Amino acid sequence: MLLLALDTSTSAITVALHDGSGVRAERAVTDARRHTEHLAPLIEEVLAAGAVAPAELTDIAVGTGPGPFTGLRVGLVTARTLGFALDRPIHGVPSLDVLAHQGSGLVTGDLLVATDARRKEVYWAVYAVRSGRVERLSAPAVDRPGDLEDGVRALPTLGRGPLLYPDLFLAPLPVHDVSAGALAEVAVGRIRSGTPMPVDALYLRRPDAVPSVSTKSTVPDGWRGA
Amino acid sequence: MSDSGQPLVLGIETSCDETGVGIVRGETLLVDAIASSVDEHARFGGVVPEVASRAHLEAMVPTLERACAEAGVRLADLDAVAVTSGPGLAGALMVGVAAAKALSVGLGVPLYGVNHLASHVAVDIVEHGPLPSPTMALLVSGGHSSLLLVPDVTADIQPLGATIDDAAGEAFDKVARVLGLPFPGGPHIDRVARDGEVTIDFPRGLTTGRDLERHRFDFSFSGLKTAVARWVELRQRAGESVSVADVAASFQEAVVDVLTRKAVDACRTHGVDHLQIGGGVAANSRLRAMAQSRCEAAGVELRVPRPGLCTDNGAMVAALGAQMVMRGRTPSGLDLPADSSMPVTEIQA
Ligand SMILES: Nc1ncnc2c1ncn2[C@@H]1O[C@H](COP(=O)(O)OP(=O)(O)OP(=O)(O)O)[C@@H](O)[C@H]1O
Ligand SMILES: [Mg+2]
């Protein structure tokens, strides 16, 4: 197995190569606004570092979010198109699951993943870690951090939630963004156990579909002029 | 490259609400596959960027698949991938740019990020053959109205003028709204106007006096739109019936008159004997007819691609990409960004 894993749901653009026994190469850039620019060069770097040609890949894994939409889509469309180009299967892993997996070596018991959903909200889910195994206890959701129950907010917390709302999340863990290496490990485990791995985007929010006055009234300045 | 020596190039377009994938071999169009989210926007009366971006993500691979199947092309045979890198809706552009990069990395072929407006001009190469140099281009769409002097569509596009307010297609869409016609309004006005007569003398923006001097090759349609709205409102308030067909015909006549008059003037002034019209509004039947007669009178040869190649599509991107390959242009880097306000003078990113 040669699996390429990538995720763009958090502030890190992250790519890793897994050879079936372990992570062979991993690269990341933290630049929340420039997913489009960084992702493809990182893929090339990781392939070069692992001495693998694209055609040798056997699987593609991608984080399906939730995460800020524009960045999330860059990862998803890249994985889906790469899978199409190489005629290889693509496997989706919810990105919050990956963060929980990253926290599984740090805590035992329940933990919270809370990532930046912008607009003063967080994407979140609660997990249980028992003897190194991670189980999700709540479906991924998007809410204002103040609206989470006190008991939930007091859990050891991964993601950028505690960085953004330090008064509300009381037990921060030093893991902020998704790692593609961890994603690859989760993906390999799920592929082997035959777990379904849909690649649908986890948006959790409807699009802001404010009826516009005209065709282009929703278009930002500058798009019009030639 | 293939035995024919002509590069096989796939083009991706996602700047607005159409997911387009086209494939050309050299200057021959093999396929133009399109998925549109226009129906999802219709009820909002305009394009909703997030709705468009989500639709692009879902449509990308199916549209790629359809294009390859219909053209009988294997991805492994591609020589290059081209993509619209701007201008357009930022989030929508990024879906296409990321997809194009994935093809470039996966297949090991060069990537060309190209300008959407230049592609609207270049598409006529696969329709009517090489562009004469120089060509005058009138680009009229939902987002743009420009007159461009084009010595070389791959390297030199000189803007002579553009709209100073609404684009021509935007005016069609807004007036259609006033007349109670569905979005996008252009095709509806075109249809309805066929049963009407030009009975109202609506204003022609920037065509007289100081305006003309200062804005010889610029356009303005916002005053026209307001004039139509006021005209309709006054009649309605007075309890008079309004002939939608006559208003549509009169409005359309005003737009088309200005567009063709300025385009032909630009040809004469710059000694250019070929005019090409592109963009969604080029599908307008009255624009085609008036441009034809005015060009004939001025000794200018008119080129207009078929309507399907005038609106946004992937074939136009592939067409320009193939020109870049054939001229030996350096490919874009894999760090190519999407540029929502890419100027028309920047033909390749
Ligand atoms: N027959 C027609 N008559 C007049 N206008 C038309 C006709 N058909 C389409 N249009 C107009 O063309 C526009 C769509 O054109 P097109 O798809 O080229 O551009 P766009 O998506 O708005 O963006 P861009 O400016 O980037 O090209 C709409 O405003 C539509 O009303
Ligand atoms: Mg267009």
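Computed from a predicted model, the values in this text were never measured in an experiment. (Residues numbered from 1 in each chain as written. Chains lettered and ligands numbered in written order. Predicted model: local features only at pLDDT ≥ 70, side-chain atom pairs only at ≥ 80, totals over all residues.)

Novice: How should I be thinking about the overall build of chain B in this particular structure?
Specialist: Along the backbone of chain B there are 13 helices and 10 strands. In terms of principal-axis extent, the alpha carbons of chain B reach across some 65 × 45 × 30 Å. By residue count, 60% of the 349 residues in chain B fall in the buried class. Here the analysis covers contacts within chain B between residues at least 6 apart in sequence; of these, 76% occur between residues at least 24 apart. (Helix = DSSP H or I, 4+ residues; strand = E, 2+ residues; numbered from the N terminus. Buried ≥ 20, exposed ≤ 12 C-beta atoms within 10 Å, placed from the backbone. Contact = placed C-beta atoms within 7 Å.)

Novice: Can you walk me through unusual backbone geometry in this structure?
Specialist: With the exception of glycine, the majority of residues adopt a negative phi angle, and the majority of peptide bonds are in the trans configuration. B:Pro87 follows B:Gly86 through a cis peptide bond whose omega is -10°. Mapped onto the secondary structure, B:Pro87 falls in the loop between strand 4 (80-86) and helix 3 (90-107). With an omega of -5°, the peptide bond running from B:Ser133 to B:Pro134 counts as cis. Structurally, B:Pro134 is set in the loop between helix 5 (124-128) and strand 6 (135-140). For A:Arg119, which is not glycine, the phi dihedral falls at a positive 50°.

Novice: What's the story with the nonpolar core in this structure? I'm lost.
Specialist: The nonpolar side chains of soluble globular proteins are, as a tendency, buried together. The biggest cluster of nonpolar side chains holds 190 residues, and the ones touching the most others in it are A:Leu183 and B:Ala319. Residue contributions to this core peak at 14 residues, all from helix 10 (residues 244-269) of chain B. Discounting chain neighbours no more than four positions away, the residues touching A:Leu183 are A:Ala5, A:Asp7, A:Ala16, A:Ala61, A:Gly63, A:Val93, A:Val98 and A:Val178. (Core = buried A, V, L, I, M, F, W, Y, C linked by C-beta atoms within 7 Å.)

Novice: What is the right way to look at the packing of helix 7 (residues 186-193) of chain B against helix 10 of chain B in this model?
Specialist: A pair of packed helices can be characterised by two numbers: the angle between their axes and the separation between those axes. All names here are of chain B. Where helix 7 meets helix 10, the closest approach of the two axes is 8 Å, and the angle between their N-to-C directions is 115°. Here helix 10 runs roughly perpendicular to helix 7, going by the angle between their axes. Helix 10 is crossed by helix 7, and the crossing has left-handed handedness. The segment helix 7 lies against helix 10, with Ile189, Val192 and Ala193 engaging Val244, Ala245, Ala248, Ala249, Phe251 and Gln252. Looking at the contact of helix 7 with helix 10 residue by residue, the classes come out as eight nonpolar, one polar and no charged. (Axes fitted to C-alpha atoms, helices over the stretch in contact; angles between N-to-C directions. Parallel < 35°, antiparallel > 145°, perpendicular 65-115°, else oblique. Left-handed = near helix turned anticlockwise from the far one by under 90°. Nonpolar A, V, L, I, M, F, W, Y, C, P; charged D, E, K, R; others polar.)

Novice: Honestly, the environment of B:Gly180 in this entry has me stumped. Any pointers?
Specialist: The topology assignment puts B:Gly180 in the loop between helix 6 (168-178) and helix 7. As a C-alpha pair, B:Gly180 and B:Gly205 span 25 residues in sequence and 24 Å in three-dimensional space.

Novice: It is not clear to me how the pairing of strand 5 (residues 90-93) of chain A should be interpreted in this structure. Could you clarify?
Specialist: Consecutive side chains of a regular strand alternate in pointing toward one face of the sheet and then the other. Residues and elements named next belong to chain A. Covered by surrounding structure in strand 5 are Ile90 and Gly92 together with His91 and Val93, the residues of both alternating faces. Judged from the four bridges that link them, strand 4 (residues 59-63) and strand 5 form a sheet pairing that is parallel. What sits directly across from isoleucine 60, in strand 5, is isoleucine 90. Viewed along the sheet, the connection from strand 4 through helix 2 (residues 69-86) into strand 5 turns out right-handed. (Pairing = 2+ DSSP bridges. Right-handed = clockwise from strand over helix to strand, strands pointing away.)

Novice: Before we go on, may I ask you to explain the packing of helix 9 (residues 222-237) of chain B against helix 10 of chain B in this structure?
Specialist: Residue and element names in this part refer to chain B. Axis separation between helix 9 and helix 10 bottoms out at 11 Å; the angle between their running directions is 160°. In this view, helix 9 runs roughly antiparallel relative to helix 10, as classed from their interaxial angle. In this structure, helix 9 meets helix 10 at a crossing whose hand is right-handed. The segment helix 9 lies against helix 10, with Leu224, Val228 and Val232 engaging Val247, Phe251, Ala254 and Val255. Its residues placed into classes, the contact of helix 9 with helix 10 shows seven nonpolar, no polar and no charged.

Novice: Explain the interface of chain B and chain A here, please?
Specialist: Interface size is commonly expressed as the accessible area that is lost once the parts come together. Between chain B and chain A, the contact holds 53 residues from the first and 40 residues from the second. Sorting the residues of the side of chain B that touches chain A by element identifies helix 2 (49-71), helix 3, strand 8 (156-162) and helix 6 of chain B as the ones contributing at least two each. If you tally residues by element for the side of chain B that touches chain A, the top one is helix 3 of chain B, at 12 residues. When the residues that make up the side of chain B that touches chain A are grouped by side-chain class, the tally is 31 nonpolar, 14 polar and eight charged.

Novice: What am I meant to see in the domain arrangement of chain B here?
Specialist: Residue and element names in this part refer to chain B. As assigned here, chain B comprises domain 1 (8-123 + 313-326) and domain 2 (131-306). Here domain 1 and domain 2 have C-alpha centroids that lie 27 Å from each other. Taken together, the elements giving at least two residues each to the side of domain 1 that touches domain 2 come down to helix 1 (38-42), helix 4 (116-122) and helix 13 (315-326). In terms of residue count, the dominant contributor to the side of domain 1 that touches domain 2 is helix 4 (five residues). Here the residues of the side of domain 1 that touches domain 2 sort into nine nonpolar, four polar and no charged. (Domains from an automatic or database assignment.)

Novice: Is there a simple way to explain the pairing of strand 6 of chain B in this structure?
Specialist: Residues and elements named next belong to chain B. Most of strand 6 is tucked away, with six of its six residues classed as buried. Neither face of strand 6 is open: one carries Thr135, Ala137 and Leu139, the other Met136, Leu138 and Val140, and all of them are buried. Across six bridges, strand 6 lies against strand 7 (residues 145-152) in antiparallel orientation. By the bridge assignment for strand 7, leucine 139 is matched with serine 146. Connecting the antiparallel pair strand 6 and strand 7 is a turn made up of four residues. As defined by bridge partners, strand 6 adjoins strand 9 (residues 274-278) across four bridges and the pair is classed as parallel. Opposite alanine 137, over in strand 9, you have glutamine 276 as the bridge partner.

Novice: So what exactly am I meant to see when it comes to the sheet that holds strand 9 of chain B here?
Specialist: Within a sheet, neighbouring strands are paired by backbone hydrogen bonds and run either parallel or antiparallel to one another. Residues and elements named next belong to chain B. Pairing is mixed in the open sheet, where five strands are placed in the order 8-7-6-9-10. Bordering the open sheet on either side are strand 8 and strand 10 (301-303), each of which pairs with just one other strand. Strand after strand, the sheet turns through a mean of 25° between neighbouring axes, direction not considered. Running at roughly 160° to strand 6, helix 10 makes contact with strand 6, strand 7, strand 8 and strand 9 of the sheet.

Novice: Quick question: what am I supposed to make of the domain arrangement of chain A here?
Specialist: All names here are of chain A. For chain A, the assigned domains are domain 1 (3-95 + 178-193) and domain 2 (96-172). Between domain 1 and domain 2, the residue contacts involve 16 residues of the former and 13 residues of the latter. A total of four residues in the side of domain 1 that touches domain 2 trace back to one element, the largest contributor, which is helix 6 (residues 180-193). Here the side of domain 1 that touches domain 2 is composed, by residue class, of eight nonpolar, six polar and two charged.

Novice: For this particular structure, what's the right way to read the sheet that holds strand 4 of chain A?
Specialist: Residues and elements named next belong to chain A. Strand order in the open sheet formed by five strands is 3-2-1-4-5, with mixed pairing between adjacent strands. Two strands bound the open sheet, and with one partner strand each, they are strand 3 (23-30) and strand 5. Pairwise comparison of adjacent strand axes, ignoring direction, gives a mean angle of 15° for this sheet. Inspection of the sheet shows strand 2 (residues 12-18) paired to strand 3 by seven bridges, in the antiparallel sense. Residue pairing across strands places alanine 12 opposite threonine 30, the latter belonging to strand 3. Here helix 1 (residues 35-49) sits on the sheet and contacts strand 1 (3-7), strand 2 and strand 3; the angle it forms with strand 2, its principal contact strand, is near 25°.

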